[in-house]
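These are the residues of each chain, in order.
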Amino acid sequence: MQSYFLILLSCSLVLTSCSEPNQPQPIAKLLRPAQDQLSQAEATARKARVSQISYVLDIDLVTLPDSYQGAVAIEFELSGADAPLEVDFTGGLVTSVLANGESVPVDYNGFFITLPPTALRTGGNSVTIDYQHPFDHDGTGLHRFVDPEDGNTYLYTYLWPYYANRLFPNFDQPNLKAMYEMTVRAATDWQVVSAMREDRVTPDGESTLWHFPQTPLLSTYIFSLHAGPYQIWEDQAGEIPIRLLARQSLASYVAVEEWFNYTKAGLAHFSEYFDIPYPFLKYDQVIVPDFLIGAMENVAAVTFSENFVDRGAGTQFTSQRRANTILHEMAHMWFGNLVTKDWWNGLWLNESFATLMASIAVAESTEFTDQWHDFYLTENLTAIGADTAVSTHPIEMPVNSTSDFFMVFDSITYDKGASVLNQMSHFIGQENFRLGVSSYLKEHSWGNTELADFIHSLSVQSQLDLTSWAQDWLYSAGVNTLEARVSCDGGVVNSLSILQTVPQMAAAQYPTLRDQRVQLGLFAENATGAIDAFATIPVIVSGAETPVPEAIGLDCPGLVYPNYQAWGYSEVNLDESSIDYLIDNNGLEKIQDPLLRSMIWTALIEGAGLNEFDDNALVDLIISAMGQEQNDRIIRQTQAALIDHLNLLERAATASPRPSEVLSRLDRFTQLAEAKLWDILMTGVNSTQTQSRLNLQMGNYIALARSDAALANLISLLDGAVTVPGLSVQPDLRWRIILRLAARGHESALGLLAAEQQRDSSDAGRLSAIAAEAALPALATKQQWVEHILHNADSLPFSHLRAAMGALFPTGQEELQLQILPQLTAASSALAAERDAYFLQAYGSDLFSGICSETGLQQLSAAIADRDSIGPTLYKFISENVQAAGNCLTYAAYTQPQ
Ligand SMILES: [Zn+2]
């Protein structure tokens, strides 16, 4: 993090040379360095002075070739006109400033405009700024994209967390809400979308003027402006007009009806859940190219990544993730947009809440009634993964500056936060949770809040003091482990308790034991031979051991699970007698409840991952379950674990003391898995989800394929020599196959890649081609991409660099990676100073991953040795890779012969 203190000090030391000597310097001017960020201290100081803000915007998108130009008239109240006031505006050009009717000399440093005290008044002020700004091409600000297929130009904004000040000069902080009126000059064939629906569209010469009436009070980061010849679909959700937009060349792939169905279901659901009508006048959703994240909750004009559009048939997961994301963004209209965090430390609550709300809405208002199974696999397990990584942190953290937001934009914020809020709703009761949230939203509508406001509303509703709950769960990192301890006598339980521990390696750092309400499940084989729950007991776990007297006298269970249905947030250790029972009784197959079956699989997969015991049994178990398991989520969970495991074996082989044994084990598993999966694909699957299942299994086969025979099968699928019954090989699937062939260094990859580029000129095709080219095991090609990444980043859209970074070092190419790593390490500190967080995330997480050698580990460790110089974002992502490399080496040292 760039030290605020150091900058202050250095400026003071050179005060006589950098500022006018011998004159008292206004304090506020010294405090704000010329940087693309806003500190919380600066925001707080400005909030204390500025209020009652409105903007009238006039933006011209078409007159200049590579920039937009505009004027903004800002009205605001000011207390204390005796100090300068800064208006944020990054990377533009300011042509004139008019304050309270007087022209003011332009004082602009490339990051903010300074209004002098002489131009300001205590009370009402009116400032008009004329400006220009280049279009962005890294996905932030006002991004411009030219479609390679038809040459159409598309624009959209991405203003979170601190990019609104590129679109126009403003006070860019969430707690200075304002009203916005806007006029936009656009090309005649464009649609223009913003927070309000346009009320006038007027032809004006070669272009068209769109007028958008004044909005209600909004934070800057959720304002928006999208424009271009988008294909548009319209419908109604009750009284609310809804629209969906996408690029023309992608339009035929958009699942419009499905999209509108989830939208309608969600708007009805949330109005009822929050007991507040939808707060805005219309609801638009725009699917956009090059998007940096999944989706963004701009008020009434949400943007979505084109990754949510399948070019070809998807799976039930792609449909469900789409529904989930649609509903996540929609939840923000109430929680986030109507009521908004005061500052960016509140990001977690905003995101955790929307994540939890999306799951409730999916479960209650769509066909995906097993959403909580998805929540367990997606949110709970991802959270636990992040919470056991070196980079874990408390959920609630200070965010000193907008440039630090990536410290909290992660799985702890989204997935752990959501898991903990879910746990809280079980702790205080789900209806109390809903009512508490509703009263919080009603009380603070159109305003800004802090965590204490949220906790207060829930405490009042539940009549529980949640202070210590918040302290334990939100201010300390780490996940606890629960294990049941049961003893029986004469066929009945004579004692049962739940033990709670902290992970051994984390005990010193995160020693907290926490209270939570879980559901203890007791299971046994029933008369039909199925393993089912015969008793469930809600328990408030507290401290190291929680006795469960309600269980005494019940039948002795075969299996005990202390977090049945995942009410709580914890890891689970199965007790020994439960493990014996499952093994002795062929228990996995007999467990009826798919969520519990998943949980048992998790315990097995985690247990066999990184420790000293032989994991052959797990892989054999997964392979033998192929074709038998009929739940798609579990197929996906277990086969993903298998794919990970085979990759781990391949990476570990060279570091193992017995490499040939590891490789022969890899070969054996690979051949077994490939053959079985191919057989499943070719014989088809009789189920109601045939197409979804086929796509899922095909994706797994591609990810597993290693042998010559399997790679040849993939080529036969591409050229049509072989067909899988029921499966059509459409564009996205074709590219997945080519990417796999490239990553495995198959001799045909380069030719197939060139042919596919001819066949598919779309943007998705272009990104896939970049990934496939980067994945080829060719040092010269990789060096070319590294050159772009390090030195030519401004000449290419960031989406292209990101596609290359994600593919550059697949499993099996560590030697090539080691040749390039010193160059990447050497460039790190310069990049940390120059590049934004999205670039640094891709750089640190993708380019330094997959290492499993002592040499590689030394290089990675050297890369993070100077923590200050590489900054917090790179440090975070590379340190996770250091941990993964260490784990892989530990695994390699312990790998046992077959
Ligand atoms: Zn969100």
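This text follows the structure it describes.
Just so it is clear, the structure is predicted and the values come from calculations on it, not from any experiment.

A. Seen up close, the packing of aromatic side chains. Enumeration according to the criterion identifies 48 aromatic pairs in this entry. Ring centres 5.7 Å apart and planes at 70° place the aromatic pair Phe409 and Tyr414 in the edge-to-face group. With a relative accessible area of 14%, Phe409 lands in the buried category. One Lys or Arg, Arg636, reaches over the ring of Phe317 and ends 4.3 Å from the middle of that ring. Its guanidinium or amino end placed over the ring of Phe839, Arg835 lies 5.6 Å from that ring's centre, counting from NZ or CZ.

B. Quick look at helix 12 (residues 451-462). Compared with an ideal rise of 1.5 Å per residue, which puts twelve residues at 16 Å, helix 12 spans 17 Å between its outermost C-alpha atoms and is within 8% of the ideal. Buried positions along helix 12 lie against helix 8 (347-365), helix 10 (411-428), helix 11 (430-443) and helix 13 (467-474). Following helix 12 by one or two positions, Gln463 adopts a phi angle in the positive range, close to 60°.

C. Broad picture of the pairing of strand 16 (residues 240-246). Most of strand 16 sits inside the fold, with six of its seven residues counted as buried. Between strand 15 (residues 231-237) and strand 16, which pair antiparallel one after the other, the connecting turn spans two residues, and Gly238 there sits at a positive phi close to 65°. The pairing of strand 16 with strand 17 (residues 283-288) spans four bridges and is parallel. Paired with Leu245 across the bridge in strand 17 is Val286. In this fold, the crossover linking strand 16 to strand 17 by way of helix 6 (residues 256-274) has left-handed handedness.

D. Structural view of the state of the cysteines. Applying the stated criterion across every chain yields a total of two disulfides. The disulfide partner of Cys488 is Cys556, and the gap between their sulfur atoms is 1.9 Å. Taking the sign of the torsion about the S-S bond as the criterion, the disulfide between Cys488 and Cys556, at about 85°, is right-handed. Of this pair, Cys488 sits in strand 22 (residues 481-489) while Cys556 sits in the loop between strand 26 (545-547) and strand 27 (559-561), placing them 68 residues apart in sequence. A residue is classified by how much of its surface remains accessible, and Cys488, at 31% relative accessible area, is partly exposed. Of the residues examined, Cys556 reaches a relative accessible area of 31% and is grouped as partly exposed. Put simply, Cys852 and Cys888 are joined by a disulfide, and their sulfur atoms are 2.2 Å apart.

E. Structural context of helix 24 (residues 763-775). When the terminal C-alpha atoms of helix 24 are compared, their 18 Å separation across 13 residues agrees well with the 18 Å that a helix rising 1.5 Å per residue should span. As for helix 24, its buried residues are in contact with strand 8 (141-146), helix 22 (731-743), helix 23 (749-759), helix 25 (779-791) and helix 26 (798-807).

F. Expanded view of the sheet that holds strand 17. Sheet architecture is open: five strands sit in the order 15-16-17-19-18, paired in mixed fashion. Looking along the sheet, the strands with just one partner apiece sit at the ends: strand 15 and strand 18 (295-296). Relative to strand 19 (residues 301-305), strand 17 runs parallel, the two being bridged by five bridges. Looking at strand 19, one finds that Val288 is bridged to Ser305. Most of the contacts of helix 6 go to strand 16, to which it runs at about 145°, and overall it touches strand 15, strand 16, strand 17 and strand 19.

G. The arrangement of the coordination of the zinc ion in detail. Ligation of the zinc ion by protein atoms is provided by His328 (NE2), His332 (NE2) and Glu351 (OE), these donors lying 1.9 to 2.1 Å from the ion. On the primary sequence, the residues serving as donors to the zinc ion are separated as H-x3-H-x18-E. Residue His328 and its partner His332 are located together in helix 7 (residues 316-334), separated by four residues, close to a single helical turn. Just as His328 is buried, His332 falls in that class too.

H. Main features of the nonpolar core. In this structure, Leu61, Trp334, Phe433, Phe454, Tyr838 and Tyr843 are the most contacted members of the largest nonpolar core, which totals 277 residues. The element best represented in this core is helix 8, accounting for eleven residues. Trp334 has contacts with Leu267, Phe270, Ser271, Phe274, Ile276, Pro277, Tyr278, Pro279, Val339 and Leu441, leaving out every residue within four places of it along the chain. By size, the runner-up hydrophobic cluster in this structure holds 15 residues, among which are Leu496, Val518, Leu522 and Ala535.

I. Molecular detail of unusual backbone geometry. Between Trp160 and Pro161 the backbone carries a cis peptide bond, its omega angle lying at 0°. Of note in this structure, Asp275 is not a glycine but carries a positive phi near 60°. For Asp275, the position within the fold is in the loop between helix 6 and strand 17. The residue Gln565 is not glycine, and still its phi comes out positive at about 65°. Locating Gln565 in the fold gives a position in the loop between strand 27 and strand 28 (571-572).

J. Main features of the pairing of strand 24 (residues 516-525). The buried fraction of strand 24 amounts to seven of the ten residues, a majority that puts the element mostly inside the structure. Where strand 24 lies against strand 25 (residues 531-541), ten bridges are found, and the strand directions are antiparallel. Directly across from Leu522, in strand 25, lies its bridge partner Ala535. The turn joining strand 24 and strand 25, which pair antiparallel and follow one another in sequence, is formed by five residues; a positive phi near 90° is taken by Gly529. One ladder, built from three bridges, connects strand 24 with strand 27; its direction is antiparallel. Bridge pairing in strand 27 places Leu522 opposite Val560.

K. Region of the structure containing the environment of Tyr569. Inspection of the secondary structure puts Tyr569 in the loop between strand 27 and strand 28. Classification of Tyr569 as buried rests on a relative accessible area of 1%. Counting along the chain gives 189 residues from Tyr569 to Asn380, while the straight-line C-alpha distance between them is 7.1 Å.

L. Representation of the side chain of Lys282. Turning to its location among the elements, Lys282 is positioned in the loop between helix 6 and strand 17. A polar contact of 2.6 Å, which involves the side chain of Lys282, links it to the side chain of Asp284. Ignoring anything within four residues of it in the chain, the contact list for Lys282 reads Val193, Ser194, Ala195, Met196, Arg197, Ile240, Pro241, Ala300 and Ala301.

M. Broad picture of the sheet that holds strand 27. Strand order in this open sheet of three strands is 25-24-27, and the pairing throughout is antiparallel. Each of the sheet's edge strands pairs with one partner strand only, and the pair in question is strand 25 and strand 27. Going across the sheet, the axis of each strand differs from the next one's by a mean of 20°, ignoring polarity. Against the sheet, helix 10 engages strand 24 and strand 25, with an angle of about 85° to strand 24. Strand contacts of helix 14 (residues 576-584): strand 24, strand 25 and strand 27, with the helix running at about 125° to strand 27, the strand carrying the most contacts.

Definitions and cut-offs
- Residues numbered from 1 in each chain as written.
- Predicted model: local features only at pLDDT ≥ 70, side-chain atom pairs only at ≥ 80, totals over all residues.
- Heavy atoms only, no water.
- Phe/Tyr/Trp six-rings, centres within 6.5 Å; stacked < 30°, edge-to-face > 60°.
- Buried < 20%, exposed > 50% of the residue type's maximum accessible area, 1.4 Å probe, protein only.
- Lys NZ or Arg CZ within 6 Å of the ring centre and 35° of its normal.
- Helix = DSSP H or I, 4+ residues; strand = E, 2+ residues; numbered from the N terminus.
- Expected span 1.5 Å × (residues − 1).
- Contact = heavy atoms within 4.5 Å.
- Pairing = 2+ DSSP bridges.
- Right-handed = clockwise from strand over helix to strand, strands pointing away.
- Disulfide = S-S within 2.5 Å.
- Axes fitted to C-alpha atoms, helices over the stretch in contact; angles between N-to-C directions.
- Donors = N, O, S within 2.8 Å, 3.2 Å for Na, K, Ca; no water.
- Core = buried A, V, L, I, M, F, W, Y, C linked by side-chain atoms within 4.5 Å.
- Polar contact = N/O pair within 3.5 Å; in protein donor to acceptor, adjacent residues only side chain to side chain.

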